[in-house]
Amino acid sequence: MAEKNYAGKTVEVSDEGYFVNPADWNEEIAKEMAAEVGIELTDKHLEVLKYLREQFETGEALTIRKVGKSGIVDIKGLYQLFPGGPLKISSKLAGIPKPTSCV
Amino acid sequence: MSEHAETPLKKVLVICAKGSLEDVYAALVMANGAVMEGIEAKLFFTFFGLDGITKKRMNKLHTATLGNPAMRMPGGLQFPSLLGVLPGVESGVSSMMRKEMDALDMPPVDEFLEMITAGGGEVFACKLAVDMFKLKKEDLSDEVKDIITIGQFYEMAGGENTQIIFT
């Protein structure tokens with residue numbers, strides 16, 4: 001476990017940087033985290049992050065296929081928003097645990 | 001002793017040479033998984049594996065009910081070989097498997113191929129096998145980038161931290 005400072009708040013994160021308590025998350029924090037990995041967070045990014053958080057709340061395993069069918073963005077678009085890790089990077093920025101699905 | 005340095009995988013080339021449901025999906029899951037991890041992925045279909053990218057066949061793949069010792073009845077009892085011989089049984093079992101997979105968000109083959117190429121993965125067919133089965137480019141999924149020779153395949157395998165996976 002580790003602690004990180006984002007937007008003036010100390011949050012507990014896993015060794016890989018995923019939030020331990022999704023409730024710690026807010027948009028300001030997401031923006032700072034995104035900047036860290038070279039992503040400038042747009043409204044579209046935020047829409048995806050919020051969708052992921054909602055899905056996480058329901059306890060559903062997240063897949064890029066589900067995001068692709070959410071009507072927010074297609075899979076190609078998702079790759080463009082979060083290059084090199086459509087589900088991993090987005091989950092991290094959404095303040096939810098590391099995804100556990102294989103698709 | 002030298003320091004152990006972690007060098008992440010950069011590229012995978014996955015070869016699918018068999019056309020059963022599980023063989024094709026193994027290749028698809030590995031290629032898609034690589035793309036999702038930011039690893040460059042190239043997927044190569046040859047011999048019976050070509051069924052996995054042949055438009056007419058790819059969404060109707062079967063799993064063998066004969067000669068498959070791991071095949072079980074729902075509930076875990078051994079699947080009797082004699083049952084597997086009956087017409088329609090393999091179809092039924094295979095469509096049940098596809099349904100189970102869909103429930104886990106494993107898409108049908110055509111959609112899976114689209115997911116892989118959407119992430120920048122590339123799909124190829126083996127020239128020798130395409131010629132042998134008398135297939136044409138138009139018989140193959142639109143996601144197939146090219147029909148290539150084994151030499152071209154190896155040319156793609158260059159670079160540090162590249163792995164070739166034969167399913």
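Preceding this section is the structure that the text describes.
Residues numbered from 1 in each chain as written. Chains lettered and ligands numbered in written order. Predicted model: local features only at pLDDT ≥ 70, side-chain atom pairs only at ≥ 80, totals over all residues. Heavy atoms only, no water.

**Quick look at the overall build of chain B**
A tally of regular secondary structure across chain B gives 6 helices and 5 strands. In chain B, the succession of α and β elements from N to C terminus is β-α-β-α-α-α-β-α-β-α-β. Counting only C-alpha atoms and orienting by the principal axes, one finds that chain B spans roughly 55 × 45 × 25 Å. The proportion of buried residues among the 167 residues of chain B is 43%. Side-chain charges of chain B comprise 16 positive and 23 negative groups, with the mean position of each set lying 8 Å from the other. (Helix = DSSP H or I, 4+ residues; strand = E, 2+ residues; numbered from the N terminus. Buried < 20%, exposed > 50% of the residue type's maximum accessible area, 1.4 Å probe, protein only. Lys, Arg positive; Asp, Glu negative; His and termini not counted. Charge placed at Lys NZ, Arg CZ, Asp CG, Glu CD.)

**Concerning the environment of Lys127 of chain B**
All names here are of chain B. Within the secondary structure, Lys127 is located in helix α5 (residues 127-132). Owing to a relative accessible area of 38%, Lys127 belongs among the partly exposed residues under this scheme. If we skip the residues at most four places from it in the chain, Lys127 touches Ile147, Ile148 and Thr149. (Contact = heavy atoms within 4.5 Å.)

**Notes on the side chain of His45 of chain A**
All names here are of chain A. Summarising the element assignment, His45 is placed in helix α2 (residues 43-58). Owing to a relative accessible area of 5%, His45 belongs among the buried residues under this scheme. Looking at His45, its side chain comes within polar contact range of the side chain of Thr42, at 2.8 Å. Engagement of the side chain of His45 in a polar contact is seen with the backbone oxygen of Leu81, the distance being 3.0 Å. Not counting the four nearest positions on each side in its chain, His45 is found in contact with Ile39, Glu40, Leu81 and Phe82. (Polar contact = N/O pair within 3.5 Å; in protein donor to acceptor, adjacent residues only side chain to side chain.)

**Some remarks on the interface of chain B and chain A**
Between chain B and chain A, the contact holds 17 residues from the first and 15 residues from the second. Roughly 1300 Å² of surface becomes buried between chain B and chain A when both sides are summed, with 58% attributable to carbon and sulfur atoms. With a closest N to O distance of 2.6 Å, Glu37 of chain B and Lys88 of chain A form a salt bridge. The tally of links from chain B across to chain A stands at 7 residue pairs in polar contact (both at pLDDT 80 or more). The set of elements that each furnish at least two residues to the side of chain B that touches chain A consists of α1 (21-36) and α4 (109-118) of chain B. Here the side of chain B that touches chain A is composed, by residue class, of 10 nonpolar, 3 polar and 4 charged. (Buried area = accessible area lost by both parts, 1.4 Å probe. Salt bridge = Lys/Arg side-chain N within 4 Å of Asp/Glu carboxyl O. Nonpolar A, V, L, I, M, F, W, Y, C, P; charged D, E, K, R; others polar.)

**Looking at unusual backbone geometry**
Residue and element names in this part refer to chain B. Phi is positive for Phe47, close to 40°, though the residue is something other than glycine. By secondary structure assignment, the location of Phe47 is in the loop between β2 (40-45) and α2 (81-85). The phi torsion at Asn161 lies on the positive side, around 55°, for a residue other than glycine. Here Asn161 shows up in the loop between α6 (150-156) and β5 (162-166).

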